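Each chain is listed here by its residues.
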Amino acid sequence: MKRLNWLFGLTCLAFASSGFAASGKLLATPGVSQVEGSAGGGIVPWAQLAGYASDDEIAINGFCSRADVSDYRLDVCGAQLNIYDRVEFSYAEQRFEVPALNTDIEQSIAGAKLRLYGDIVYSKWPQLSLGVQHKSLDDGSIANLLGAKDTSGTDIYLAASKLHLGALAGYNWFWNTTFRYSDANQLGLLGFGGPDSDKELLFEASTAVFLTHQIAVGVEYREKSNNLGLGEQDWQDVFVAWFPNKHVSVTAAWLDLGSIAGAEDQTGWYLSVTGYW
Amino acid sequence: MMKTLFTFVFAVMLVGCASSNNSTLYQQINGEQGVEKLVDSFINQIGRDEQILAYFKQTNVAHFRQGFITHLCSVTDGPCEYKGDNMVDIHTGMNIPEKDFNRVVELLINAMDEQQIRQTVQNKILSRLAPLRPEVIDI
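Here goes a summary of the coordinates provided. Note that the coordinates shown come from a computational prediction; the quantities given were computed from them, not determined experimentally.

## Structural notes on the sheet that holds strand β11 (residues 215–222) of chain A
Then, in step 1: Taken in spatial order, the 12 strands line up as β3-β4-β5-β6-β7-β8-β9-β10-β11-β12-β13-β14 (chain A) and close into a barrel, and their pairing is antiparallel. Averaged over all pairs of adjacent strands, the angle between their axes in this sheet comes to 20°, without regard to strand direction.
Then, in step 2: Across nine bridges, strand β3 (residues 58–69) of chain A lies against strand β14 (residues 267–276) of chain A in antiparallel orientation. For Ala67(A), the partnering residue across the bridge sits in β14(A) and is Tyr270(A).
Then, in step 3: Packed on one face of the sheet, helix α8 (residues 119–129) of chain B meets β8 (152–168) and β9 (171–182) of chain A and runs near 105° to β8(A).

What follows is the structure, encoded as structure tokens:
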């Protein structure tokens, strides 16, 4: 986390002093930052690339998020770079706190996303992007103990997103679907793969309605594999995202993460803030 | 969770249906008078934005005003037919980038806010103008 704080500080300083800020997209259309560092919702990466860069701009964003459920807490901070709204690079560090074992699990995630086609507002077909997330546990001892095959792994995903102007009784309607090829256990925090399981294709989706220019409410769903035989369940959330301007967004959500490492009914709050330059 | 979603979508639709009626978008923005006020607001917004104003240096404002009034009237199902210059001819050679196109969309949204046009009506107007983008940018 310390490295990241430095990175943040330097980035903020550099960009605050230069007065630079990408603002070529319409308000709210880049979405927010998901827990693995990519532009998306809260738990699902979307087809949009992070930040307000249009095809001749560069954007840099930083975010921090906290998920607080019954028996665990996850803190994430990260940053994204958007180059010409064609490619997104992201880096995030996660700290997963397990009070029962008096221990933390830390994981870093480097991501890249390529926009293959379209624009969520204007193109006839949905915007389409291909992404990767390479995840690596700092200390794999708990993952190994639980029977995970690896302590690092790479997810690949294909995401499609579309914003339909005025489509729902005059309100703007957004949807995203993502197919992810992954063997990560609980995002990778519990390692990758299991005794006799391989990578599989998983389905994720989000949908939201804009109540005003600045406020969207929606739901998300993320299918999970159960490689460790610990009863890992699909994730869901209900969220409100607030975009007061093109420099900041705040997202609050209610999470239902099911069973995590044998502890059932993990529900709780999520709060995330993204800053855009 | 799905139940929550369905309830939510259903509620949004109910509210939407209750507040909408059979009138055209043109009537919902107060017809001729409303369109004129909106276009005047929009022109004021452009006048205050250096970046966008630069594209209008050669423009006859009265001609633009009348053209956009007729265009909006036609797009919102009012009793007009836009017979002015076509979008491609107007914008060819201007090389308008994505970000400036979006900036103009934002100025139009500001103008609609200024004229207190309901959010749902704003979105419907934008959804009718959005398909024109390929006839405007990067040409």
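Structure shown, so let's carry the discussion forward.
## Structural notes on the interface of chain B and chain A
Then, in step 1: Counting from both sides, the interface comprises 24 residues of chain B and, opposite them, 22 residues of chain A.
Then, in step 2: Across the side of chain B that touches chain A, the residue classes tally to 11 nonpolar, eight polar and five charged.

## Details of the nonpolar core
Then, in step 1: Counting 63 residues, the largest nonpolar core has Val35(A), Ala59(A), Leu74(A), Leu190(A) and Ala216(A) as the members making the most contacts within it.
Then, in step 2: Top element by residues in this core is β8(A). It accounts for five residues.
Then, in step 3: In this structure, Leu38(B), Leu72(B), Cys73(B) and Ile117(B) belong to the second largest nonpolar core, which totals 15 residues.

## Thoughts on helix α7 (residues 98–114) of chain B
All names here are of chain B.
Then, in step 1: Between its first and last C-alpha, α7 extends 24 Å over 17 residues, near the 24 Å set by a 1.5 Å rise per residue.
Then, in step 2: Those residues of α7 that fall on the buried side of the exposure criterion are Glu98, Lys99, Asp100, Phe101, Asn102, Arg103, Leu107, Leu108, Ile109, Ala111 and Met112.
Then, in step 3: Downstream of α7 by a residue or two, Gln116 has a phi angle that is positive, lying close to 55°.

So, how was this worked out
- Residues numbered from 1 in each chain as written.
- Chains lettered and ligands numbered in written order.
- Predicted model: local features only at pLDDT ≥ 70, side-chain atom pairs only at ≥ 80, totals over all residues.
- Pairing = 2+ DSSP bridges.
- Helix = DSSP H or I, 4+ residues; strand = E, 2+ residues; numbered from the N terminus.
- Axes fitted to C-alpha atoms, helices over the stretch in contact; angles between N-to-C directions.
- Contact = placed C-beta atoms within 7 Å.
- Nonpolar A, V, L, I, M, F, W, Y, C, P; charged D, E, K, R; others polar.
- Core = buried A, V, L, I, M, F, W, Y, C linked by C-beta atoms within 7 Å.
- Buried ≥ 20, exposed ≤ 12 C-beta atoms within 10 Å, placed from the backbone.
- Expected span 1.5 Å × (residues − 1).

Interpretation note: all reported values are geometric properties and have no functional meaning in isolation.
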